Amino acid sequence: MTLMDEKYDPKEIESRWQKKWEEWDLFRVEDDPARPKYYLLEMFPYPSGQIHMGHVRNYTIGDVVARYKRMRGFNVLHPMGWDAFGMPAENAAIANKTHPAKWTEANIDAMRAQLKRMGFSYDWNRELATCRPDYYRWEQWLFLKMYQNGMAYRKESFVNWCQDCQTVLANEQVEAGLCWRCGQQVRQKQLWQWFFKISDFAQDLLSYCDKLPGWPEKVITMQKNWIGKSVGAQINFAVEAHDEVIPVFTTRQDTVFGATFMCLAPEHPMVTKLSKGCAREKEVLQFVERIALQDRSARTVENYEKEGVFIGAHCLNPLSGRRIPIYTANFALMEYGTGAVMAVPAHDQRDFDFARQYGLDIVVVVKPDDSDLDGATMTEAYVGEGRMINSGQFDGMGNREALEEIASYLEKNNHGKRAVSFRLRDWGISRQRYWGAPIPMIHCEDCGIVPVPEEDLPVVLPEEVEMLAGGKSPLPELDDFVNVTCPQCGRKNARRETDTMDTFVESSWYFERYCSPQCNTSMFDREAVDYWMPVDQYIGGVEHAILHLLYSRYYTRVLHDQGLVKFKEPFTNLLTQGMVCKETVMCPEHGYLLPQEVDSRKENRVCSKCGKPVTVGRVEKMSKSKKNVIDPNILIDKYGADTTRFFCLFAAPPERDLEWSEQGVEGGYRFLNRIWRLAAGLMDEIKDVQAFQGHPDSLDDTIRPLFQKIHQTIYKVTRDIENRFHFNTAISAVMELFNTISGIAMQRDNSSHLAVMHLAIESLALLLAPIAPHFAEELWAALGHKSSVLLYPWPQYREDALEKDEVLIVIQVNGKLRSRFQVATGTDEETIKEMALSDERIQKFIDGQRVKKVIALKNKLVNIVV
RNA sequence: GCCCGGGUGGCGGAAUAGGUAGACGCAAGGGACUUAAAAUCCCUCGGUCCUUAGUGGCUGUGCCGGUUCAAUUCCGGCCCCGGGCACCA
């Protein structure tokens, strides 16, 4: 092997090793039931054309774990692919007059090259792209299965419509009334749509939240909130003079005696039915129309004014017997509960506001212990606990108790039943877009909806299309695509479904597909999935805490119910990494500036275009629009992939946000250089010496501390990576080891010194192998090894080297540090107690005072209480 | 409003079965090398006080209390920052 160059040249080293890895096919993985598997997965990217620092961080973290686990002897599956359907491809295609497929494939090529430059250890043989028919045909296949058992269904409903994206959005994809992708206001539109019945699994998804100990608490909480289980009762209200019963859902059946009116969602079928012929029918219908078409966002903003219209009918409170008016109100939602609310103004703020506005009765039925309430004078609803009043036989009971008692009473007397309600709605998966997986359905005038026969799959997305300006899907206009013969009755003019699937469907099973990506007889090879799944460690951004992660959990249950997989939860452990942030810089004339557009040579930073002083804004998530982005390419050119990786790992623990610092990157680069120079300077002498393998006792006092430090470092780095992925502290441990190495007064003619030094450099190479892999390979090769460092087992620490010969004992007086001394490790408490009490520096603190108590801890401290 | 996180030097961050607060790095200051600069190497670096500059005193982990021989760590109350949910009956 060649000796090391004087100079650390990352560019040369990195491309050389990347070529070698490829030649060796080092990252290829095979199923091997004889070996323990480890499935490490990072969230696959959308092929936008460029990887950004968020990807770099995410994939660096994953790569460290993959390489580490591999050195620990696991058979590691570490795949990469492309979440390749979606709107940006269509927009780009329209803007650049290309085709989404071409644009996407070109981006994939560019990004694959970038990822390779980072030195990530992916098994590229398993690469997949969700936009290819060999992938989505299986999604269509499962769709047919889901249709068969009612898991996929079509219904007409009001849906979230984004005008800019020209498509509908699932509830999960609407954030504060805005489109999750483009930020445009979402409107309500009535459409026929395909849905997945995720609500069937609401309880199961919720229950299993507590069976995911490897997930961050935060994500679990968010999912629980999203599923939103409420326990209460359904109560039936008979309508006066009609043969109708309106059921309501409530969590506060204890307040049923206080229900003085009822509110129906505007979309509730009873609204038009009961108002028919009444004096205010016209007013009711106008109201319904106005509210139904209103933005959902407008309906959910704070302080939104409550309004409603009396629909001209009454119903009977089954418990109080009271005759109560029925309103339709804007705050009642058709999709929740039964779409009907029993309004108890005394104990619900919303109902209270409504009652005050329309002059409705407020009857107090729960009395707080320390005061009296009067419906006529109260200023806000009382939602706390108390004693039941005005509630017939339940008077005097605690309201918590009444909750149970009234529920039982309802069931016994046939007025209702205990019930639960979930906030989670079914997943609307129809998208009126071109660049997605076609939904394999056919509309026939005679037969209705007819599934595409299995043998006709895949329904290939036609590529010979003209993209339409404005983002409208060209599919409905494509006669070749749309016009089909009905597979059921043979009728000629059936029409193919032109909606495509939400891209979150593709990302709900790609991790199974990676197990056997070339499988062309089913979604995946059963044996391969049984071997690899579930994913042992999943890593990605917290922004998918609900969307992707909930959909994937659901889809896995669907696969489970189809008997396709043995497990219900796809991801055993989840790490949500923090964002990559940087300060924003703004020029008064040119707005936000890219980092390279800022001239920082002078005292005050100025705009490089106009020379005006810039304003430095707050540290925010890197984003193109704010221009506070660092281009990974520039970074790799300047410092190399290893330094880039190094900084991403060192600057912060993975779950926390990372603040970008150019100087921090420099620091990492300097550190690698320091190791390089030290190793290069020693290589001649240590190369042909065996790494020290003897007992530490045989070492002299000069070199033994280094030997111990090596093992302490192995111990610390192993623990930090294994237990909590805290690479920042693992790296500081390696830095400490380096500092020790460079501080040792080694004798170059002492063979045991050289042997320990060989061990030290070897350890640096091994410990850095997951973190700075090219650098480590180079060191490793210089030490005389012929194969990859990745094939060498992770170093083991010696227990007997962890203990130091001497430990520092701290002496406190009344808990304050007063002195310290060295003592042989393991010296018993009595001895150190005596040593502490006789310590001369301690004398002045205890002199003349009574020693009340002395606490001594072996190898730690003595605390003297006076 | 409700539910999660999180507040530690000039900065990023260490240290939790309670036991030396500030590891490691960055920045800053001083010095060495150099004709000079860069690079590199060495030293100092929470605040404060000292007629004893010390293995010195006091103080210090958002604020106020408590438990304890001992609290960044545990308990109670409050303040601030970040995130999620929010007319869900």
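Residues numbered from 1 in each chain as written. Chains lettered and ligands numbered in written order. Predicted model: local features only at pLDDT ≥ 70, side-chain atom pairs only at ≥ 80, totals over all residues. Heavy atoms only, no water.

Colleague: Please clarify how the pattern of salt bridges should be interpreted in this entry.
Modeller: A side chain of one charge can pair with a side chain of the opposite charge when the charged atoms of the two come close. A complete count under the given rule lists 51 salt bridges for this structure. Two residues, D502 and R431, come together in a salt bridge whose shortest N-O distance is 3.0 Å. Of this pair, D502 sits in the loop between β23 (500-501) and α14 (503-506) while R431 sits in strand β18 (residues 430-431), and the two are 71 residues apart along the sequence. Connected through salt bridges with shared partners, the residues D204, R553, R557, K568 and E569 form a single ionic network. (Salt bridge = Lys/Arg side-chain N within 4 Å of Asp/Glu carboxyl O. Helix = DSSP H or I, 4+ residues; strand = E, 2+ residues; numbered from the N terminus.)

Colleague: What am I meant to see in unusual backbone geometry here?
Modeller: The bulk of non-glycine residues show a negative phi, and the bulk of peptide bonds are trans. Put simply, L457 and P458 share a cis peptide bond, and its omega is -5 degrees. Position of P458 relative to the elements: it lies in the loop between β20 (448-451) and α13 (479-482). Between M533 and P534 the backbone carries a cis peptide bond, its omega angle lying at -5 degrees. As for its position among the elements, P534 is in the loop between α16 (526-532) and β24 (537-541). Look at A241: it is not a glycine, yet its phi comes out positive at around 65 degrees. By the element assignment, A241 lies in the loop between β8 (229-239) and β9 (245-250). Residue A241 is classed as exposed on the basis of its relative accessible area, which comes to 77%. (Buried < 20%, exposed > 50% of the residue type's maximum accessible area, 1.4 Å probe, protein only.)

Colleague: Where do I start with the sheet that holds strand β21 (residues 483-484) in this structure?
Modeller: Remark on secondary structure: sheet strands pair via backbone hydrogen bonds, oriented parallel or antiparallel. One open sheet accounts for 4 strands, arranged β20-β19-β22-β21; its pairing is antiparallel. Unpaired on one side and paired on the other, β20 and β21 mark the two borders of the sheet. Bridge analysis of strand β19 (residues 441-444) against β20 gives 4 bridges, and the strand direction is antiparallel. Counterpart to C444 in the pairing with β20 is G448. (Pairing = 2+ DSSP bridges.)

Colleague: Sorry if this is basic, but what is going on with the environment of A494 here?
Modeller: Along the polypeptide, A494 turns up in strand β22 (residues 494-496). In the structure, A494 is positioned 99 residues away from D395 in sequence and 65 Å away in space, judged by C-alpha atoms. Each residue touching A494, except ones within four places of it in the same chain, is listed here: I442, H443, C444, V482, N483, V484, T485 and C486. (Contact = heavy atoms within 4.5 Å.)

Colleague: How should the sheet that holds strand β2 (residues 75-77) be read in this particular structure?
Modeller: Ordered in space as β2-β1-β24-β25, the 4 strands form an open sheet in which the pairing is parallel. Strands with a single pairing partner mark the edges of an open sheet, and in this sheet they are β2 and β25 (574-577). On average, each strand axis in the sheet is inclined to that of its neighbour by 20 degrees, with strand direction left out of account. By the bridge criterion, 3 bridges tie strand β1 (residues 37-42) to β2 in an arrangement that is parallel. In the strand pairing of β2, K37 is matched with N75. The strands touched by helix α2 (residues 53-71) within the sheet are β1, β2, β24 and β25, with β1 carrying the most contacts at an inclination of about 175 degrees. (Axes fitted to C-alpha atoms, helices over the stretch in contact; angles between N-to-C directions.)

Scope: geometric values only; no functional claims are made or implied.
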